[in-house]
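Here are the chains, one letter per residue:
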Amino acid sequence: MSSAQRSAPDSAAPARTPRTRLRRPTWKDPRLAGGLALIGAAVALGAWAVNAAADTEQIYVLSHDVAPGTDLTAAGVLSLVDSHPGTAVYVAAGELPDDAVATRSLQAGELLPSGAVGRAADVALRSVVLDVASGLPADTSAGDIVDLWVLPATQATVQDSGSAEVVARGLLIASVGEAGTSLVDGTSVQVEVLVPEETVADVLTAVGGGGPLVLVPTGQGQ
């Protein structure tokens, strides 16, 4: 092989690829700026979540249904929960008056609203316990509205008067107790009702009259 042939370039050799220099990211690089923004947002969100979790207060919550006039300071009526109410419309721990009563019907699990709390002296309802004849619907409970009726005391009275009489309307049931003895069929139920002051005399007169008492549910109190 001649020297000319040896010095000729090899056409089969691969061409070299020019090197590409890697650029270091700078503050002006949009990818770096976007990554830093995401990290900052995550840190801020985490700090907010921690602060929000710590920013709680204890709020009173109803342990069971109550009717207007119920003593809210009685044992077992209220409990406390950690809450983020966001407003001052609920009663916080330590802010319940000593003689606090419910001014409307409230349901179990409901946070205690400030607007549903009053003082016993300001509520024009009086509690009266009645021995009423059996036949009260099984689902009757605190907060239901009932009418009070009185039946004639004896069969002779029924023949003379001919009918039962309504004593008071729109009474609120505070609680339903245990069964006792009735003049009608041998059984009765003790029911605590909340009576407006102007109707108390009529209710007590019916209680002392000797005629069996009957409660007729008419709806649910608000």
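Each value, and the rule that gives it
- Residues numbered from 1 in each chain as written.
- Predicted model: local features only at pLDDT ≥ 70, side-chain atom pairs only at ≥ 80, totals over all residues.
- Heavy atoms only, no water.
- Helix = DSSP H or I, 4+ residues; strand = E, 2+ residues; numbered from the N terminus.
- Buried < 20%, exposed > 50% of the residue type's maximum accessible area, 1.4 Å probe, protein only.
- Contact = heavy atoms within 4.5 Å.
- Areas by Shrake-Rupley, 256 points an atom, 1.4 Å probe, with all protein chains shown as cover.
- Arc of directions from axis to C-beta.
- Core = buried A, V, L, I, M, F, W, Y, C linked by side-chain atoms within 4.5 Å.
- Salt bridge = Lys/Arg side-chain N within 4 Å of Asp/Glu carboxyl O.
- Lys, Arg positive; Asp, Glu negative; His and termini not counted.
- Polar contact = N/O pair within 3.5 Å; in protein donor to acceptor, adjacent residues only side chain to side chain.
- pLDDT = per-residue confidence, 0-100.

Draft legend 1. Structural context of the overall build of the chain. Looking only at helices and strands, one finds four helices and nine strands in the chain. Helices and strands appear in the chain in the N-to-C order α-α-β-β-β-β-β-β-α-β-β-α-β. Within the chain, buried positions represent 29% of all 222 residues. In the chain, the share of contacts with a sequence separation of at least 24, taken over all contacts with a separation of at least 6, comes to 64%. On the chain, roughly 14500 Å² of surface is accessible, and the fraction owed to carbon and sulfur atoms is 55%.

Draft legend 2. The arrangement of helix 4 (residues 200-208) in detail. Along helix 4, the positions that sit buried rather than exposed are Val200, Val203 and Ala206. Down the axis of helix 4, the buried side of the element spans an arc of 130°, and every buried residue falls inside it. Exposed residues on helix 4 whose side chains face more than 90 degrees from its buried face are Ala201, Thr205 and Gly208. One or two steps after helix 4, the chain reaches Gly210, where phi turns positive at roughly 90°.

Draft legend 3. Local environment of the nonpolar core. Ranked by size, the top nonpolar core spans 20 residues in total, and within it Leu130, Leu148, Val191, Val193, Val203 and Leu215 carry the most contacts. Elements with a minimum of two residues in this core: strand 5 (125-133), strand 6 (144-150), strand 7 (165-180), strand 8 (188-196), helix 4 and strand 9 (213-220). When sequence neighbours within four positions are dropped, the list of residues in contact with Val193 reads Arg126, Ser127, Val128, Leu130, Leu171, Leu172, Ile173, Ala174 and Leu215.

Draft legend 4. Spotlight on the pattern of salt bridges. Summed over the entire model, instances satisfying the criterion amount to four salt bridges. The salt bridge partner of Asp99 is Arg119, with a shortest N-O separation of 2.9 Å. With Asp99 in the loop between strand 2 (78-83) and strand 3 (100-102) and Arg119 in strand 4 (residues 117-119), the pair connects residues that are 20 residues apart, well separated along the chain. Arg119 gets classed as partly exposed once you look at its relative accessible area, which sits at 41%. Arg126 is the salt-bridge partner of Glu197, the closest N and O atoms lying 2.6 Å from each other.

Draft legend 5. Expanded view of the side chain of Asp144. In this structure, Asp144 sits in strand 6. The charged side chain of Asp144 is buried without a salt bridge, its nearest counter-charge being Arg104 at 14 Å. Reaching out from Asp144, the side chain makes a polar contact with the backbone nitrogen of Ser141 at a distance of 3.0 Å.

Draft legend 6. Fine view of the environment of Ile59. When you line up the elements, Ile59 lands in strand 1 (residues 57-62). Accessibility expressed as a relative area gives 1% for Ile59, which makes it buried. The spatial distance from the C-alpha of Ile59 to the C-alpha of Ser83 is 6.4 Å, given a sequence separation of 24 residues.

Draft legend 7. Region of interest: the confidence of the model for the chain. With 69% of its residues at a pLDDT of 70 or more, the chain shows a mean pLDDT of 78. Ranking the helices and strands of the chain by mean pLDDT puts helix 4 first, with 94, and helix 3 (residues 155-161) last, with 50.

Draft legend 8. How the structure looks around the environment of Ser175. Along the chain, Ser175 turns up in strand 7. Classification of Ser175 by relative accessible area gives partly exposed; the value is 30%. Between the C-alpha atom of Ser175 and that of Leu194, which follows or precedes it by 19 residues, the distance is 9.6 Å. Once you skip the residues sitting within four places of it in the chain, Ser175 turns out to touch Gln190, Val191 and Glu192.

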